[in-house]
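# Examination of the molecular architecture
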Amino acid sequence: MAPDPHEPPPEDAPGPEEPERSPAAREPENSPGPGQPEDTPTPREPEDFPGPGQPGDTSTPREPEHSPGPGEPGSGGAGSATGFWARRRSLRLTLPGCWGALLLACLSFTPSLLPRGGILQGLICGISAAIGYGLGVIAAYVWRAFADREARGASRRSWRVLAVGAVVLFGLSFGLGQYWQHEIRRLMGVTDYNVLATVACPFVAALVFWLLLQAARGLRRLYRWLAGLLRRWIGPRAARVVGWVVVAGLAWSVVSGVLLAGFVNTANEAFSVRDTETPEGVHQPTSTLRSGGPGSLVPWDSLGRQGRAFTGSGPTAADIGAFTHRPAREPVRSYAGLATADDTEARAERAVADLVRAGGFHRANLLVMTTTGSGWVDPAAVDSFEYLGDGDAATVAMQYSYLPSWLSYLVDQSKAREAGRELFDAVYDVWSKLPQDQRPRLFVAGESLGSFGAETAFSGEYDLRNRTAGTLFAGPPNFNTLFREFSDHRDAGSPEIEPVYRQGRTVRFTDDPATGIPPTDVPWNGTRVLYLMHPSDPIVWWSPDLALSEPDWIGEAPGSDVLGSMVWIPFVTFWQVTADLPFSTGVPDGHGHTYKAAYVDGWNAVMRPSGFTPQDLDRLREIIQPSP
């Protein structure tokens, strides 16, 4: 058949002034891979595995690649259509890849832990589709290798079947996804719903998919160029291996070293400026019992935004007395910000020195509170502690980062570990030297990354029991060392969302302490360590392992605020729960990563104060978290 005069010449065709080369003189487009004999033909490594114009092409037809001559489209000279052929290649898709993309895109609409809007769903859908496309291409390539044959061309009928299947399957999945999201919102009492964002979902997904696909193709082109360059000095198989290693290492370095580091540095700069502000309604304390107040060893300006919020607020003796109807004391609050001292150890020492100055070690109850990254202390945690202690309480905390909680969770783990250990050790050093009959009861608490930092001061269950009077951790990240130890070695038959560790003799877990802390039929004597964790809290359940392995908490009966229709899907579930992380606190109290009223019953269980009735606890929950 005569060649089409409108199509560019094949890639290996000689140019206008180039002599014809013998087949042996031309290097094959794909040299043998590692471990293949030199004389074993290998399938061409195409744009997305078999390329157009080759036997077995499963992609849409396109013109063969060539180096355009002067005046041809894409040559950059006269008649150039600004990379016409390059644009055609960038739009080319393979049939197996498209089926993989469609399958994972549809599965991305299955429910996860929290309700998500249309834009977020589009992001998850686009990422899942890109992963599915790659898996589809790889699966087809591997199957052809086992079948020992070249790829075959996809017929127009196959593309029509894909088009019809895409409309039906995507439409059905989109509808089911809206139903599931409605059910999750109903479980959590969320009423927000944005119709425009929902309509935008498919368009966002398509854009994200295209961007990720182009990024992957860009890396492949870079690999081909590098492998071709290396063939001048080393063998083709070695060039392919070295090319892939270099490109993979370069991509990882750019993402982790340049993009991530640049993002973190930019975020640090932005939040460090915000750290100089004082929250609205907060004023410098006039009490000598607060850091930043009269006689304090920690200047007010050095506390940071969250430190000023912590020491400049909280219940007074009058507030506590009005609740308890008995005499109360003014609580002590000590804090050190990043600007207070140059390093973590010095900040911890300064915070403890100010605690000593304010008389914190002469109170009945002393709380070491490890903060989240920005230095935030949940007011519900400390306020509840002070109310239940009749104000005869002291709390010490310090800042270790400028970043907000969810971002610190990802990049500031080492700082949290160091801060938790240094602060507790500094407190314990002073506390342990006091006469036993003059020591306050020593408690430890932390929420989210704060629980991670607080855990690092202890080696295990016995250490927590021997060196504290009680511990309360809320929303522990999945990578917490002790949390994982207690959960992974839970008693047989207990679920991961509410494990029982060694019959609950010291450590216990609950979603809602007001309804009972299992095992309810076993005495809980001595020091009590309590973990608060919601079944819908992505901070508790997120783990890189979600990408390839199903966790127990999904395979078991779901929690009270998680849909039973949530299932584990490789890759998809990981991205769904990852996308839940930044929005984990944007749900009503009692769900996600929002712990407010639960602190009242949690501290009541750990501290075991006297003189409080169930009605008193109801009133205190209303004070800590007023009804909307």
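Because the structure is a prediction, the values reported are computed rather than measured.

## Side note on the overall build of the chain
- Counting its regular elements, the chain contains 20 helices and seven strands.
- Taken over 628 residues, the chain has a buried fraction of 49%.
- Approximately 29,100 Å² of the chain is accessible, and the part contributed by carbon and sulfur atoms is 60%.

## Section: the pairing of strand E5 (residues 470–474)
- Judged by how many residues are buried, E5 sits mostly within the fold: five of five residues are covered.
- Because side chains alternate across E5, one face comprises the buried residues Gly 470, Leu 472 and Ala 474, and the other comprises Thr 471 and Phe 473, equally buried.
- Examined bridge by bridge, E5 and strand E7 (residues 528–532) share five bridges and lie parallel to one another. Note that in E7 the partner of Phe 473 across the bridge is Tyr 531.

## Notes on the side chain of Ser 173
- Assignment of secondary structure puts Ser 173 in helix H4 (residues 156–188).
- With a relative accessible area of 13%, Ser 173 lands in the buried category.
- Among all residues touching Ser 173, those that are not within four sequence positions of it are Cys 106 and Phe 109.

## Quick word on empty space enclosed by the protein
- In the structure shown here, the tally under the stated rule is two cavities of 30 Å³ or more.
- In this structure, the second largest cavity spans a volume of roughly 30 Å³.
- Surrounding the second largest cavity, Met 369, Thr 370, Thr 371, Thr 372, Trp 376, Val 377, Asp 378 and Glu 447 form its lining.
- Within the lining of the second largest cavity, the residues separate by chemical class into three nonpolar, three polar and two charged.

## Digging into the nonpolar core
- In terms of nonpolar packing, the biggest core is built from 101 residues, with Tyr 531, Tyr 599 and Trp 603 touching the most fellow members.
- Non-local contacts of Tyr 531, meaning those with residues more than four positions away in its chain, are made with Glu 455, Phe 473, Pro 476, Leu 482, Phe 483, Phe 486, Val 507, Arg 508, Phe 509 and Thr 510.
- Cys 106, Ala 130, Tyr 133 and Trp 159 belong to the second-largest nonpolar core, a separate cluster that totals 18 residues.

## Section: the environment of Leu 93
- When you line up the elements, Leu 93 lands in the loop between helix H1 (84–91) and helix H2 (95–107).
- Classification of Leu 93 by relative accessible area gives partly exposed; the value is 23%.
- Distance in space between the C-alpha atoms of Leu 93 and Val 137 is 9.8 Å, their sequence separation being 44 residues.

## Describing the packing of aromatic side chains
- Evaluation of the coordinates by the stated rule reveals 23 aromatic pairs.
- For the ring pair Phe 473 and Tyr 531, a centre distance of 5.4 Å and an interplane angle of 55 degrees mean the geometry is tilted. Here Phe 473 is found in strand E5, whereas its partner Tyr 531 is found in strand E7, with 58 residues between them in sequence. Both residues of the pair, Phe 473 and Tyr 531, count as buried.
- An aromatic cluster is defined as three or more aromatic residues linked by ring pairs; in this entry it consists of Phe 473, Phe 483, Phe 486, Tyr 501, Phe 509 and Tyr 531.
- Over the ring of Trp 431 we find Arg 439, and its NZ or CZ is 4.6 Å from the ring centre.
- When the ring centre of Tyr 428 is taken as origin, the NZ or CZ atom of Arg 467, which lies over that ring, is 4.9 Å away.

## Details of helix H18 (residues 572–580)
- Within H18, eight of the nine residues are buried, leaving the element largely enclosed by the surrounding structure.
- Of the residues making up H18, those classed as buried are Val 572, Thr 573, Phe 574, Gln 576, Val 577, Thr 578, Ala 579 and Asp 580.
- Against the buried residues of H18 lie H2, helix H3 (118–147), helix H16 (538–541) and helix H17 (552–555).

## Remarks on the pattern of salt bridges
- Under the defined criterion, the tally for this structure stands at 19 salt bridges.
- With its nearest N and O atoms 2.6 Å apart, the salt bridge here joins Asp 601 to Arg 621. Here the residue Asp 601 occupies a position in helix H19 (residues 598–607), and Arg 621 occupies one in helix H20 (residues 614–624), the gap between them amounting to 20 residues.
- Residues Asp 618 and Arg 621 are paired through a salt bridge, measuring 2.0 Å at the closest nitrogen-oxygen approach. Here the residue Asp 618 and the residue Arg 621 both occupy positions in helix H20, the gap between them amounting to three residues, near one helical turn.
- Classification of Arg 621 as partly exposed rests on a relative accessible area of 21%.
- Taken together, the shared-partner salt bridges in this structure form one network comprising Arg 333, Asp 383 and Glu 386.

Rules used throughout
Residues numbered from 1 in each chain as written. Predicted model: local features only at pLDDT ≥ 70, side-chain atom pairs only at ≥ 80, totals over all residues. Heavy atoms only, no water. Helix = DSSP H or I, 4+ residues; strand = E, 2+ residues; numbered from the N terminus. Buried < 20%, exposed > 50% of the residue type's maximum accessible area, 1.4 Å probe, protein only. Areas by Shrake-Rupley, 256 points an atom, 1.4 Å probe, with all protein chains shown as cover. Pairing = 2+ DSSP bridges. Contact = heavy atoms within 4.5 Å. 1 Å grid on protein atoms, 1.4 Å probe; cavity = no way out; pocket = protein on both sides within 12 Å on 5 of 7 lines; lining within 4 Å. Points joined across faces, edges and corners; volume = space filled by probe spheres on them. Nonpolar A, V, L, I, M, F, W, Y, C, P; charged D, E, K, R; others polar. Core = buried A, V, L, I, M, F, W, Y, C linked by side-chain atoms within 4.5 Å. Phe/Tyr/Trp six-rings, centres within 6.5 Å; stacked < 30°, edge-to-face > 60°. Lys NZ or Arg CZ within 6 Å of the ring centre and 35° of its normal. Salt bridge = Lys/Arg side-chain N within 4 Å of Asp/Glu carboxyl O.

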